[in-house]
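A structural walkthrough
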Amino acid sequence: MTHTPQAAGSSRSAVSATPAASPLSPRPDVVTTDSLRWAQLAYCANGPDPYLTLLSKTLGARKTMETIAALPRITSTESTSPTTTEKDIRKSSGTSNEFSALHHALLSGYEAIDVSPSPFLEQNLFILSQRWVARYDTIRSKSAEELFQHFTHDGRYQLITPAMEQWPKRLDDLLIRTQSSPPLCLWCEGDASIFLKHRNVLAVVGSRESNDYGERCSHEIGRREAQRGCLIVSGGAMGIDASAHWGALAATTPATVSGQRNSGSTVAIFAGGLRHQGPSRNQRLFSEIVASGGALVSELPPDTIPYASRFLARNRLIAALSDCTIVTQARYRSGALNTAQWAAELGRSVLAIPGNIDTPANAGCNRLITEQKATMLSALTDVELFLPTYLPSPLTPEAVPKSTLESGRQEEETSDDKNKGKIKDNAIQATQHIILKGIRRFRAVDRTKLFAWILSPTTAAKNVLPEGLTETSLNQQIGLLELTGKITIGEDSRLRLGTAASRTADASEATATVTYKVDTVNTVDTETHH
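Residues numbered from 1 in each chain as written. Predicted model: local features only at pLDDT ≥ 70, side-chain atom pairs only at ≥ 80, totals over all residues. Heavy atoms only, no water.

1. Focus on the overall build of the protein
Helix and strand content of the protein: 21 helices and 13 strands. The 530 residues of the protein split such that 52% are buried. Excluding contacts between residues fewer than 6 apart, the proportion of contacts in the protein whose partners are at least 24 apart in sequence is 77%. Per element, the accessible surface of the protein, about 23,200 Å² overall, is 51% carbon and sulfur. (Helix = DSSP H or I, 4+ residues; strand = E, 2+ residues; numbered from the N terminus. Buried < 20%, exposed > 50% of the residue type's maximum accessible area, 1.4 Å probe, protein only. Contact = heavy atoms within 4.5 Å. Areas by Shrake-Rupley, 256 points an atom, 1.4 Å probe, with all protein chains shown as cover.)

Below, the structure written as structure tokens:
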């Protein structure tokens, strides 16, 4: 999603200041003032927005909202122009102390995460800030009671913010590992603390146009892994998603202390607001998810319509919330491949189930395996080898049958060799990730400068690096990255991003929105957009 400059300002624009908003006094027994401010920020952003995310992390929700409320409004007095030049931006915003403070805070945010800002930062920030204030002005006159009704549907939906204990910490990897935008807050119907109750979170994704083979595999994976206490995450769509959700609901977890047996847990992540849960044919599924102790989740306000590009943005949340992503069946052009790509860049395990080569519904999974972008899942029983733990965290040892504990210990002992291989693969992924991040930071860099930056204490403190990282191991991974086309080594011996790694990095420099990192062959239409 690229922000195209609108006629938000021109060289002959008039600046009109607006007073700051009045303090909020929401229902103290239901939602806090801070929660409503995070919801207002998400409403102003209207989708993934790395600039507003960084500002909120630097200034906090209250200060960011106060700054937006005080920003000057640029109103065009003459015919609008299709583009906004840097000269126009400086003339319109140069006298605004509020805009200067916003710009300075954003630079501080980039410095904190050790990322170089875009050369178009000032222009992009100005254009986006005018969009923020335009959306904020539509709700600035609402009372606290009206905001509560607007953002929670009179208490039906819960707000989860980064300041809360229920916030899924996995989402922070979006900013740390990929420099993309985590949600500003989450809306939840059901158990808001569900991600705290499960050590293992598994994403099961695939196309809507699935067949019996794909749906059977998805249902069985959902059932088996939920049976073991794993939380199943998917997108709530028809086909593969629905099969995985129903599989989790069909599972029964080991007996609790009271002797009751619980159904498995699952979460559906939506591309629009929770008042637009879809498809409508899955309404019974959504009701069952909530009734069984699961959750329906969205990063967008309840009334937000789920148009096509938001499904791609939603995919990054499915990947980030999970420890492992399985693509059970996907066509050659499927949104599930986009989810797999996000999972790989986040350092998560990616698995794919192979299928008949003469069946179009299997082409996407076969392609992931052929291009070594996913590990082939040769048996449904092998899924647990790619998850961090075997036993569910919600259950105490007393609540788990002894046979289950002994079985778990035996499996851990017999799978040591496989786990060592997995640790090695994760170390390779982490090494390649930091190499690509360094090259993206410096654009063209020689090995000496790159290695000095990677091995510095500052970089180690802000990134997940494998133990014992040396220049030798870095050189080995540079060779592999060159072979796969992710980097190139020029005649000047400088390292640069190759075609495979830079297809979206260069574009992100000229935009102020989250980078979706979608291959041209992965571009989805509205029929396969989940």
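2. Observations concerning the packing of aromatic side chains
Scanning the entire structure with this criterion turns up four aromatic pairs. An angle of 70° between the planes, with centres 6.2 Å apart, marks the rings of Tyr 43 and Phe 151 as edge-to-face. Of this pair, Tyr 43 sits in helix H1 (residues 33–45) while Phe 151 sits in helix H7 (residues 144–152); the two residues are 108 residues apart in sequence, bridging distant segments of the chain. With a relative accessible area of 0%, Phe 151 lands in the buried category. An angle of 45° between the planes, with centres 6.3 Å apart, marks the rings of Phe 151 and Trp 187 as tilted. In this pair, Phe 151 is assigned in helix H7 and Trp 187 in strand E4 (residues 186–190), connecting sequence segments 36 residues apart. Both residues of the pair, Phe 151 and Trp 187, count as buried. Grouping aromatic residues by their ring pairs yields a cluster made of Tyr 43, Phe 151 and Trp 187. The ring centre of Tyr 43 lies 4.1 Å from the NZ or CZ of Arg 135, which sits over that ring. The ring of Tyr 332 carries Arg 367 above its face, with NZ or CZ at 4.8 Å from the centroid. (Phe/Tyr/Trp six-rings, centres within 6.5 Å; stacked < 30°, edge-to-face > 60°. Lys NZ or Arg CZ within 6 Å of the ring centre and 35° of its normal.)

3. With respect to the pairing of strand E8 (residues 295–298)
Sheet faces and side chains relate simply in a regular strand, where the side chains alternate between the two faces. The alternating pattern of E8 places Ala 295 and Val 297 on one face and Leu 296 and Ser 298 on the opposite face, and all of these are buried. In this sheet, E8 lies alongside E4 in antiparallel orientation, the contact comprising four bridges. Residue Glu 189 lies in a different strand from E8, and its bridge partner there is Leu 296. Read from strand E7 (residues 266–269) through helix H11 (residues 283–291) to E8, the crossover connection turns out right-handed. (Pairing = 2+ DSSP bridges. Right-handed = clockwise from strand over helix to strand, strands pointing away.)

4. A look at the packing of H1 against helix H6 (residues 121–136)
Contact pair H1 / H6: the axes reach a minimum separation of 8 Å and the direction vectors enclose 120°. Judged by the inter-axis angle, H1 sits oblique to H6. Relative to H6, H1 is oriented so that their crossing is right-handed. Contacts between H1 and H6 involve Gln 40, Tyr 43, Cys 44 and Ala 45 on the former and, on the latter, Trp 132, Arg 135 and Tyr 136. Taken together, the residues of the contact of H1 with H6 break down into five nonpolar, one polar and one charged. (Axes fitted to C-alpha atoms, helices over the stretch in contact; angles between N-to-C directions. Parallel < 35°, antiparallel > 145°, perpendicular 65-115°, else oblique. Left-handed = near helix turned anticlockwise from the far one by under 90°. Nonpolar A, V, L, I, M, F, W, Y, C, P; charged D, E, K, R; others polar.)

5. Examining the environment of Thr 266
As for its placement among the helices and strands, Thr 266 is situated in strand E7. For Thr 266, a relative accessible area of 0% translates into the label buried. On a C-alpha basis, the gap between Thr 266 and Ala 295 in space is 6.9 Å, while along the polypeptide they are 29 residues apart. Leave out the neighbours within four places in its chain, and Thr 266 touches Ile 194, Leu 231, Ile 232, His 245, Ala 248, Leu 249, Ile 289, Gly 294 and Ala 295. Here His 245 takes part through its side chain, which lies 2.7 Å from a polar atom of the side chain of Thr 266. (Polar contact = N/O pair within 3.5 Å; in protein donor to acceptor, adjacent residues only side chain to side chain.)

6. Describing helix H14 (residues 363–370)
The periodicity of an α-helix, 3.6 residues per turn, causes residues three or four places apart in sequence to face the same way. Considered for burial, the residues of H14 that qualify are Gly 364, Cys 365, Asn 366, Arg 367 and Leu 368. On its buried side, H14 packs onto strand E9 (324–329), helix H13 (335–345) and strand E10 (349–352).

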